[in-house]
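Examination of the molecular architecture
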Amino acid sequence: MDKTQVTERKIKRKVIGLFFFGLLLMAVVEVWIGWICGDWGRLKIGWLNYLLGPALSAGGIALVIWSVLTQYWVGDGTPAPMVATKKLVIQGPYFYTRNPMTLGALFVYTGIGIWMSSFVLIVLSMTVFSSLLLLIYIHETRELTKRFGEEYQVYRKRTPFLVPKISQKHN
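Just so we're clear, the structure is a prediction, and the values are computed from it rather than from any experiment. (Residues numbered from 1 in each chain as written. Predicted model: local features only at pLDDT ≥ 70, side-chain atom pairs only at ≥ 80, totals over all residues. Heavy atoms only, no water.)

Notes on the packing of aromatic side chains
Inspection of the entire model under this criterion finds six aromatic pairs. Each ring, one from tyrosine 72 and one from tryptophan 73, has its centre 4.9 Å from the other, and the planes form 85°; the classification is edge-to-face. Its relative accessible area of 9% is what places tyrosine 72 among the buried residues. Here the aromatic rings of tyrosine 152 and tyrosine 155 are separated by 6.3 Å at their centres, their planes lie at 55°, and the arrangement is tilted. Of this pair, tyrosine 152 and tyrosine 155 both sit in helix H5 (residues 150-158), separated by three residues, roughly a single helical turn. Like tyrosine 155, tyrosine 152 is buried. (Phe/Tyr/Trp six-rings, centres within 6.5 Å; stacked < 30°, edge-to-face > 60°. Buried < 20%, exposed > 50% of the residue type's maximum accessible area, 1.4 Å probe, protein only. Helix = DSSP H or I, 4+ residues; strand = E, 2+ residues; numbered from the N terminus.)

This is how it looks when you write it as structure tokens:
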């Protein structure tokens, strides 16, 4: 491996580290907001809060990690546009949905809201992610069509934007 490849790999790893730090920071902010709200807007469903919330968050974390690693290993890039993938990634979680990282993050933050019994956090998560999804849709369609052309258009027609088709099978 030459010096350029080593430097590029270090940059990608730093970007991925910053990405995960940002996700962690947002989780801390969400917990803080939930703590500030106190009992206001509580959604107590008993033991389900303590089962469903952590399960949803853990599944979301796993999906985000799988997505980022797939971008790194298959696409030779990162989630950040400044170090974008060099290839269109359509394997792994990207076979089922075009935005598995966003879906995973939505699971993480909604899971935290459920775990904390906070209707406020659940609504906040849904509101933030609805806005984010609109921006992602507009940017992703334009940018990936420009970078990958017809290959992306075929992928886009076959693969759902966010909610995976469970019945979809590999060829």
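Some points on the packing of helix H4 (residues 119-148) against H5
Interaxial distance between H4 and H5 falls to 6 Å at its minimum, and their mutual angle equals 140°. Between H4 and H5, the angle falls in the class oblique. Contacts between H4 and H5 involve Tyr137, Glu140, Thr141, Leu144, Thr145 and Phe148 from the former and Glu150, Glu151, Tyr152, Gln153 and Arg156 from the latter. For the contact of H4 with H5, the residue count by class is four nonpolar, three polar and four charged. (Axes fitted to C-alpha atoms, helices over the stretch in contact; angles between N-to-C directions. Parallel < 35°, antiparallel > 145°, perpendicular 65-115°, else oblique. Contact = heavy atoms within 4.5 Å. Nonpolar A, V, L, I, M, F, W, Y, C, P; charged D, E, K, R; others polar.)

Some details on the nonpolar core
Formed by 20 residues in total, the largest nonpolar core has its most connected members in Tyr109 and Tyr152. Residue assignment for this core shows that the elements contributing at least two residues are helix H1 (3-37), helix H2 (47-73), helix H3 (100-115), H4 and H5. No other element matches the six residues that H3 contributes to this core. Contact partners of tyrosine 109, with chain neighbours within four places excluded, come to Leu23, Met26, Ala27, Glu30, Ser125 and Phe129. Among the nonpolar cores identified, the runner-up in size contains six residues, and Leu103, Leu133, Ile136 and Leu162 belong to it. (Core = buried A, V, L, I, M, F, W, Y, C linked by side-chain atoms within 4.5 Å.)

Describing H4
Taking 1.5 Å per residue, 30 residues should reach 44 Å; H4 reaches 41 Å between its end C-alpha atoms and fits that length. The set of residues buried in H4 consists of Val120, Leu121, Ile122, Ser125, Phe129, Leu133, Ile136, Glu140, Thr141, Leu144 and Phe148. One or two residues past the end of H4 sits glycine 149, with phi positive at roughly 55°. (Expected span 1.5 Å × (residues − 1).)

Thoughts on the confidence of the model for the chain
Taken residue by residue, the chain gives an average pLDDT of 90. The fraction at 70 or more is 96%. Averaged pLDDT values for the elements of the chain fall to 86 in H1 and rise to 96 in H5. (pLDDT = per-residue confidence, 0-100.)

Section: a nonpolar patch on the surface
A grouping of Leu43, Ile45, Trp47, Leu48, Leu51, Leu52, Phe119 and Val123 is seen on the molecular surface, where their side chains present a nonpolar patch of about 740 Å² in accessible area. Elements with a minimum of two residues in the nonpolar patch: H2 and H4. Relative to the helices and strands, valine 123 resides in helix H4. (Patch = residues over 30% accessible without salt bridge, like charges linked within 9 Å, V, L, I, M, F, W, Y side chains within 5 Å. Areas by Shrake-Rupley, 256 points an atom, 1.4 Å probe, with all protein chains shown as cover. Salt bridge = Lys/Arg side-chain N within 4 Å of Asp/Glu carboxyl O.)

What about H3?
For H3, with 16 residues, the first-to-last C-alpha span of 22 Å sits near the 22 Å given by 1.5 Å per residue. The buried fraction of H3 amounts to 14 of the 16 residues, a majority that puts the element mostly inside the structure. Looking one or two residues beyond H3, the residue adopting positive phi is serine 117, at roughly 60°.

Topic: the packing of H3 against H4
Think of two packed helices as two axes; the pair is described by the angle between the axes and how far apart they sit. The geometry of H3 relative to H4 is characterised by a closest axis approach of 8 Å and an angle of 165° between their N-to-C directions. Our classification of the angle between H3 and H4 gives roughly antiparallel. Remark: the crossing between H3 and H4 carries right-handed chirality. Two secondary-structure elements touch here, H3 through Thr102, Ala105, Leu106, Tyr109, Thr110, Gly113 and Ile114 and H4 through Leu121, Ile122, Ser125, Met126, Phe129, Leu132, Leu133 and Ile136. (Left-handed = near helix turned anticlockwise from the far one by under 90°.)

Description of the pattern of salt bridges
Using the criterion set out here, one finds seven salt bridges in the structure. When the shortest N-O distance is used, the salt bridge between lysine 86 and glutamate 8 registers 2.5 Å. On the criterion of sequence distance, the pair formed by lysine 86 in the loop between H2 and H3 and glutamate 8 in helix H1 is long-range, its members being 78 residues apart. On the basis of relative accessible area, lysine 86 is assigned to the partly exposed category, the value being 48%.

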